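One letter stands for each residue in the lines below.
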Amino acid sequence: MKVLGINAVFHDPAAALVIDGLTVAAAEEERFSRRKHGKSPVAFSTWELPEQAMAFCLSEAGLAAEELDAVAYSYEPALAPQPAADITADEWEGLRTLYARRAPLFLRASLPGVDPDAVRWVPHHVAHAASATFASGFDPCSVLVLDGRGERASHLAGSFSGGTLEVLAAQALPHSLGLLYEELTAHLGFRRSSDEYKVMAMASYAEPSFLDAFRALVRADGEGGFLVGDVDFSRFAPPLPTGAEFTPAHAALAATVQRRLEQVLLELAGWLHARTGHRDLVLAGGVALNCVANSRLWREGPFERVWVQPAAGDSGTALGAAMHVAHQLGDAVAPMATAALGRGWDEDALAARLRVADVEFERPSDLADAVAEVLADDGVVAWFQGRSEFGPRALGHRSLLADPRRAANLEKLNDVKGREQFRPVAPMVLASRAGEIFDGPLPSPFMLFTHGVRAGWAQRIPAVVHVDGTARIQTVDPAQEPLLARMLARFEARTGVPMVVNTSLNTAGRPMVDDPRDALECFGSAPIDALAIGPFLLRRARAARASGNGAAGERTRAALA
Ligand SMILES: [Fe+2]
């Protein structure tokens, strides 16, 4: 069966294609439209479909829209508040429902040829759950979904077995841990539904001084759900204007909400485990991008293994909805083997793009070593390889790399990306070496947990150790990522350190680089020393002059012309 999944309702519109149970492609609309998070998360934007992401998924498989057996839409309007006589009442909630119900009509316009009757609505949290259960390959397992909201709930706790989900608990709105965190994000001067990870980073700078108050305000209900009272953040710290420096009270508030979230999650996991007795837990929903909370669940929770969908936010519901419907249609759904499900270019296409841009480039005989040399020489390298990542993390396909031994590289990368200086950058490390250096769940291929740094290592890799002594690592397995692993091995050969700094390849406020032109624009507009794009290497002029090894690789512009 050929199933196209789409997420369009709230934010992070995305599409995914599952054919005969295999995930063929998945991508977020922002990577094409270059508008961060794809669209504004308002009810009246629900009609907008991820047109370019859908078109990409079909073209990746060489499919025509007519050939789709089903379109899985990750929201069930029948479960949502129904439109009242005044469609603008209740913050346009009815309009959202109406637009979701009319998705087949919008689809007919944005994906000509598709059969409008092919649309199947999948409850939002069922789609999130499927993105973790089917994608993890864990069966049986327990599943927890926590986000801002779905149709009428903000949470799902379930038992998954033989491809079937049994919902054991669901917390109705207005109680929402995701919305609580979003509100705090806005209170601290950041963008809601976008900058929650900044709050998580800020939380490391203080003790959770207001826990007593928050124990009463936010608590598990003992029946698998939770209560979130009326929280007035101003009682603890005044609203922070965007861009203003945070005070100790703001950091204490962030630390408190973070800590309370972790505690409630542990209680929810305990309740779930008591009912299922499963060994494994899988997570999805925007809250599951909170890698500090995920690590506590792994460390202190009752489950042996914890797997998190890398696109845990709403974009992942496109994939989950497609997997759910594929299963309903009788397909055996295969686990997600990689997050590299977006666009990719072959060598010829990359060379053609570089020629059009009229830039000088070389083709090193050993690209991994050439990049390791630039990094060891304290250069910053843009690394564009293979298909782009699905989800918010750069995992070595659209990454910005640097030397973790130099503390100043944290500031340098935050400057390149226009980020706040209190935010950490993360290391990617050879999987075989990770256990010697880091303490936490391994392997960790999707950067969804934080790890302790073992004694003796923190001083060696100051750029990637957060103020609380942790690092959010990505482990690199040579069987899955041979080029990346070789680059790490060559860097270790030069420096003795089997890891590099990895952060997403983008500049301030922009979506991650996706296509070669984005990569060239980013390289041209930021102080990046080299761009490794496919087998080719571009060096910033001063780097080429300094190393004097322009002859190290074949100068290919002339050769290819
Ligand atoms: Fe969601």
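Because the structure is predicted, anything quoted here is derived from the model rather than measured.

A. Quick peek at the overall build of the protein. Along the protein, the regular secondary structure elements total 19 helices and 24 strands. Rg of the C-alpha trace for the protein: 23 Å, near the compact-globule value of 24 Å for 561 residues, within the 12% margin. A principal-axis box enclosing the C-alpha atoms of the protein has dimensions of 70 × 60 × 45 Å. Across the 561 residues in the protein, those meeting the buried criterion constitute 59%. In the protein, of all internal contacts separated by at least 6 residues, the share reaching a separation of at least 24 is 72%. For the protein, the distance from the average position of its 54 positive side-chain charges to the average position of its 68 negative side-chain charges is 4 Å.

B. Quick look at unusual backbone geometry. With an omega of 10 degrees, the peptide bond between aspartate 139 and proline 140 qualifies as cis. Along the chain, proline 140 turns up in the loop between α5 (124-136) and β6 (141-146). In the Ramachandran plot, aspartate 20 falls in the positive-phi region, its phi being about 50 degrees despite a non-glycine side chain. Tracing the backbone through its elements, the reader meets aspartate 20 in the loop between β2 (14-19) and β3 (22-28). In this structure, tryptophan 92 is a non-glycine residue whose phi angle is positive, near 65 degrees. Note that tryptophan 92 resides in helix α3 (residues 89-101).

C. Broad picture of the pattern of salt bridges. Going through the model one piece at a time under the given rule, you end up with 26 salt bridges. Between lysine 198 and aspartate 195 there is a salt bridge, with its nearest N and O atoms 3.4 Å apart. Across the pair, exposure class does not vary: lysine 198 and aspartate 195 are buried alike. Sharing partners across several salt bridges, the network here consists of Arg279, Asp280, Glu304 and Arg305.

D. Representation of the coordination of the iron ion in the model. The coordination sphere of the iron ion contains the protein donors His124 (NE2), His128 (NE2), Asp147 (OD) and Asp314 (OD), at a distance range of 2.0 to 2.3 Å. One can describe the site at the iron ion as irregular: its four donor atoms subtend angles covering 89 to 169 degrees at the metal. Linear spacing of the donor residues for the iron ion on their chain is H-x3-H-x18-D-x166-D. Placement of aspartate 147 in the loop between β6 and β7 (155-161) and of aspartate 314 in the loop between β12 (305-308) and α11 (316-328) is noted, with a sequence separation of 167 residues between them. Classification of aspartate 314 as buried rests on a relative accessible area of 4%.

E. Quick look at the packing of helix α13 (residues 367-376) against helix α16 (residues 482-495). Relative to each other, α13 and α16 sit at 45 degrees, their axes nearing to 8 Å. Comparing the axis directions of α13 and α16 gives the class oblique. Read as a crossing pair, α13 and α16 show a hand that is right-handed. Mapping the contact onto sequence places Leu367, Ala368, Asp369, Val371, Ala372, Glu373, Leu375 and Ala376 in α13 and Leu483, Arg486, Met487, Arg490, Phe491, Arg494 and Thr495 in α16.

F. Highlighting the sheet that holds β2. The mixed open sheet is built from five strands, whose spatial order is β3-β2-β1-β4-β5. The strands lining the two open edges of the sheet, one partner per strand, are β3 and β5 (119-121). In this sheet, neighbouring strand axes are inclined to one another by 20 degrees on average, regardless of whether the strands run parallel or antiparallel. Of the pairings in the sheet, the one linking strand β1 (residues 2-7) to β2 comprises six bridges and is antiparallel in character. Residue pairing across strands places lysine 2 opposite isoleucine 19, the latter belonging to β2.

G. Local environment of helix α9 (residues 248-276). End to end, α9 covers 42 Å across 29 residues, agreeing with the expected 42 Å (1.5 Å per residue, within 8%). Burial analysis of α9 places 21 of its 29 residues in the buried class, the great majority of the element.

H. Region of interest: the environment of glutamate 267. Within the element layout of this structure, glutamate 267 appears in helix α9. Under the relative-accessibility criterion, glutamate 267 is labelled partly exposed at 43%. Sequence separation of glutamate 267 and arginine 219 is 48 residues, and the distance between their C-alpha atoms is 8.9 Å. Residues within four places of glutamate 267 in sequence aside, it is in contact with Ala220 and Arg260.

I. Structural view of the side chain of glutamate 481. The topology assignment puts glutamate 481 in the loop between β20 (474-476) and α16. Among buried Asp, Glu, Lys and Arg side chains, glutamate 481 stands out as unpaired, with arginine 398 the closest opposite charge at 9.7 Å. Ignoring sequence-local partners within four residues, the contact set of glutamate 481 consists of His397 and Val476.

J. Highlighting the sheet that holds β12. Reading across from one edge, β8-β7-β6-β11-β12 is the order of the five strands in this open sheet, with mixed pairing throughout. Two strands close off the open sheet at either side, each with one partner strand: β8 (164-169) and β12. If you compare each strand with its neighbour and ignore which way they point, the axes differ by 25 degrees on average. Bridging between β6 and strand β11 (residues 280-284) involves four bridges; their strand directions are parallel. Each bridged residue has a counterpart across the sheet, and for leucine 144 the counterpart in β11 is leucine 283.

Parameters at a glance
- Starting afresh in each chain, residues are numbered from 1 along the sequence in its written order.
- Per-residue local features of the predicted model are confined to residues with pLDDT of at least 70, and side-chain atom pairs are confined, for both listing and counting, to 80 or more; whole-chain, interface and lining totals are unaffected and use all residues.
- In computing side-chain values, all of the structure's heavy atoms are included and hydrogens and water are not.
- Strands here are runs of E lasting at least two residues and helices are runs of H or I lasting at least four, both read from the DSSP assignment and numbered beginning at the N terminus.
- The size measure is the radius of gyration over C-alpha atoms, and the globule rule it meets is 2.2 Å times the number of residues to the 0.38 power.
- Only protein chains enter the accessibility calculation, which uses a 1.4 Å probe; a residue whose area is less than 20% of its type maximum is buried, one above 50% is exposed, and one in between is partly exposed.
- Working rule for contacts: check all heavy atoms of both residues, and any pair within 4.5 Å makes them a contact.
- In this charge count, Lys and Arg are treated as positive and Asp and Glu as negative; neither His nor the chain ends contribute.
- Here the site of a charge means NZ on Lys, CZ on Arg, CG on Asp, or CD on Glu.
- Any carboxyl oxygen of Asp or Glu within 4 Å of a side-chain nitrogen of Lys or Arg constitutes a salt bridge here.
- Coordinating donors are taken to be N, O and S atoms lying within 2.8 Å of the metal, or within 3.2 Å when the metal is Na, K or Ca; because water is excluded from the atom set, some sites may appear incomplete.
- Irregular is the default label, applied whenever a site is not tetrahedral (four donors, all angles between 85 and 135 degrees) and neither square planar nor octahedral (four or six donors, opposite donors over 155 degrees apart, all other angles between 65 and 115).
- What counts as an axis is a line fitted to C-alpha atoms, over the stretch in contact for a helix, and the angles between N-to-C directions run from 0 to 180 degrees.
- In this scheme, roughly parallel covers angles under 35 degrees and roughly antiparallel covers those over 145, while 65 to 115 is roughly perpendicular and the rest are oblique.
- Note: crossing handedness is left-handed where the near helix turns anticlockwise from the far helix by less than a right angle, and right-handed where it turns clockwise.
- The pairing criterion is simple: DSSP has to find at least two bridges between the two strands.
- A helix is expected to span 1.5 Å for every residue after the first.

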